[in-house]
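Structure assessment
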Amino acid sequence: MLRRYAFADGIRSSEDVLALFAIHESCPEHNPEWTTYFVESLTAYLVHGTEPAGLIDEAKAGWLMRTIAADGAVRSAAELELLLHAMEIASEVPESLSAFALDQIRLALEPDARGTYHASRPAAEGIAAYDLAYIWRVLRGALERGRLMLSPLEARVLREIDALAAPSAHHPAWREMMGAIVTLDRPQEALRSERWLLSDGRLSLDEGLAA
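The following paragraphs examine the structure supplied in this document. (Residues numbered from 1 in each chain as written. Predicted model: local features only at pLDDT ≥ 70, side-chain atom pairs only at ≥ 80, totals over all residues. Heavy atoms only, no water.)

**Describing the overall build of the protein chain**
Check the secondary structure of the protein chain and you find 11 helices and 5 strands. Expressed as a percentage of its 211 residues, the buried residues of the protein chain come to 46%. Looking at the protein chain as shown, the accessible area adds up to about 10800 Å², and 52% of this sits on carbon and sulfur atoms. (Helix = DSSP H or I, 4+ residues; strand = E, 2+ residues; numbered from the N terminus. Buried < 20%, exposed > 50% of the residue type's maximum accessible area, 1.4 Å probe, protein only. Areas by Shrake-Rupley, 256 points an atom, 1.4 Å probe, with all protein chains shown as cover.)

**Description of the packing of helix α9 (residues 152-162) against helix α10 (residues 172-179)**
Look at α9 against α10: their axes get within 11 Å of each other, and the N-to-C directions meet at 145 degrees. Judged by the twist between their axes, the crossing of α9 over α10 is left-handed. In this structure, α9 uses L158, R159, I161 and D162 to contact α10, whose residues at the interface are W174, R175 and M178. Class assignment of the residues belonging to the contact of α9 with α10 gives a composition of 4 nonpolar, no polar and 3 charged. (Axes fitted to C-alpha atoms, helices over the stretch in contact; angles between N-to-C directions. Left-handed = near helix turned anticlockwise from the far one by under 90°. Contact = heavy atoms within 4.5 Å. Nonpolar A, V, L, I, M, F, W, Y, C, P; charged D, E, K, R; others polar.)

**A look at the sheet that holds strand β5 (residues 181-183)**
Reading across from one edge, β3-β4-β5 is the order of the 3 strands in this open sheet, with mixed pairing throughout. Here the strands that pair on one side only, and so sit at the sheet edges, are β3 (143-144) and β5. (Pairing = 2+ DSSP bridges.)

**Thoughts on the packing of aromatic side chains**
Scanning all chains against the criterion turns up 5 aromatic pairs. Plain terms: the ring middles of F21 and F38 are 5.3 Å apart, the flat faces sit at 85 degrees to each other, and that makes the pair edge-to-face. Here F21 is found in helix α2 (residues 14-26), whereas its partner F38 is found in helix α3 (residues 32-48), with 17 residues between them in sequence. Per residue, the accessibility class of F21 equals that of F38, and both read buried. Members of the aromatic cluster, connected to one another through ring pairs, are F21, W34, Y37 and F38. (Phe/Tyr/Trp six-rings, centres within 6.5 Å; stacked < 30°, edge-to-face > 60°.)

**Description of the side chain of H24**
With respect to the secondary-structure elements, H24 resides in helix α2. Among the polar contacts made by the side chain of H24, one reaches the side chain of W34 at a distance of 3.1 Å. Other than its neighbours up to four places away in sequence, H24 contacts H30, W34, F38, S76, A78 and E79. (Polar contact = N/O pair within 3.5 Å; in protein donor to acceptor, adjacent residues only side chain to side chain.)

**Here's the deal with the nonpolar core**
Formed by 57 residues in total, the largest nonpolar core has its most connected members in F38, L83, L97, L139, L158 and W174. The residues contacting L97, other than those within four sequence positions of it, are I56, A61, L64, M65, L83 and M87. (Core = buried A, V, L, I, M, F, W, Y, C linked by side-chain atoms within 4.5 Å.)

**Topic: the pattern of salt bridges**
Should the charged atoms of two oppositely charged side chains come close, the side chains can pair. As enumerated under the stated definition, the model contains 9 salt bridges in all. For D103, the salt bridge is made with R106, and the minimal N-O distance between the two is 2.5 Å. On the criterion of helical spacing, the pair formed by D103 and R106 is a turn pair, its members being 3 residues apart in helix α6 (residues 95-109). Residue D103 is classed as buried on the basis of its relative accessible area, which comes to 15%. (Salt bridge = Lys/Arg side-chain N within 4 Å of Asp/Glu carboxyl O.)

**Thoughts on helix α8 (residues 129-138)**
When we look at burial in α8, the residues that qualify are D131, L132, Y134, I135 and V138. Relative to the axis of α8, the buried residues are bounded by an arc of 160 degrees and lie together on one face. Against the buried residues of α8 lie α5 (77-89), α6, α7 (116-120) and α10. (Arc of directions from axis to C-beta.)

**Section: α3**
The end-to-end C-alpha distance of α3 is 23 Å, a good match for the 24 Å that 17 residues give at a rise of 1.5 Å each. What α3 keeps buried is the set W34, Y37, F38, V39, S41, L42, T43, Y45, L46 and V47. (Expected span 1.5 Å × (residues − 1).)

**Here's the deal with the pairing of strand β4 (residues 147-150)**
As paired elements, β3 and β4 share 2 bridges and run antiparallel to each other. Residue L143 lies in a different strand from β4, and its bridge partner there is L148. In sequence, β3 turns back onto β4 through a hairpin of 2 residues, with R145 there showing a positive phi of about 55 degrees. Across 3 bridges, β4 lies against β5 in parallel orientation. Bridge pairing in β5 links M149 to V182.

**Topic: the environment of E58**
Following the sequence through the fold, E58 ends up in helix α4 (residues 58-68). Note: C-alpha distance between E58 and V93 (35 residues apart in sequence) is 8.3 Å.

In short, shape yes, function no, at least from these values alone.
Below you can see the structure in the form of structure tokens.
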């Protein structure tokens, strides 16, 4: 019904986005078909339906992070998949967004662990194979000739994760990955913080992009 009647032409505006999130949040449980529709529809709009088309810039990244997270932690499995899928589809992603995605692991390993990533990962004191698969999904384009080319922000998040458990608690491949990091001195633009919130606290993508 949503494909045929409500959004026959796909998600085309910030009002459509708000409606889709409202439906998502009204249901305590989501089946796989809904998650696929939710993720693919919003990814198409975010990456290709707004300017600059084909990539995620700082404005889009700021909107996405503020919309799917509370206190820095992504709220639901569908929203986490939206984050990852959008990063995979986009031709370019700012370091702020990849660092945010990596930071979900840090939140899961801290003593007061929180967030949907924490709820979904197998219990482990340190980095496990599950976490490594997630990291490589985030940093899939950063590996070059055996070196992991990261910004200072991305590298700092990984080092903070590393410090949360004893070396013996981490998967052996984690140490190899940390040893392959090469830091690139790339400037980071500050996230825009004005005119993002609607009166009910929800974010307007169109207003954010215009800010």
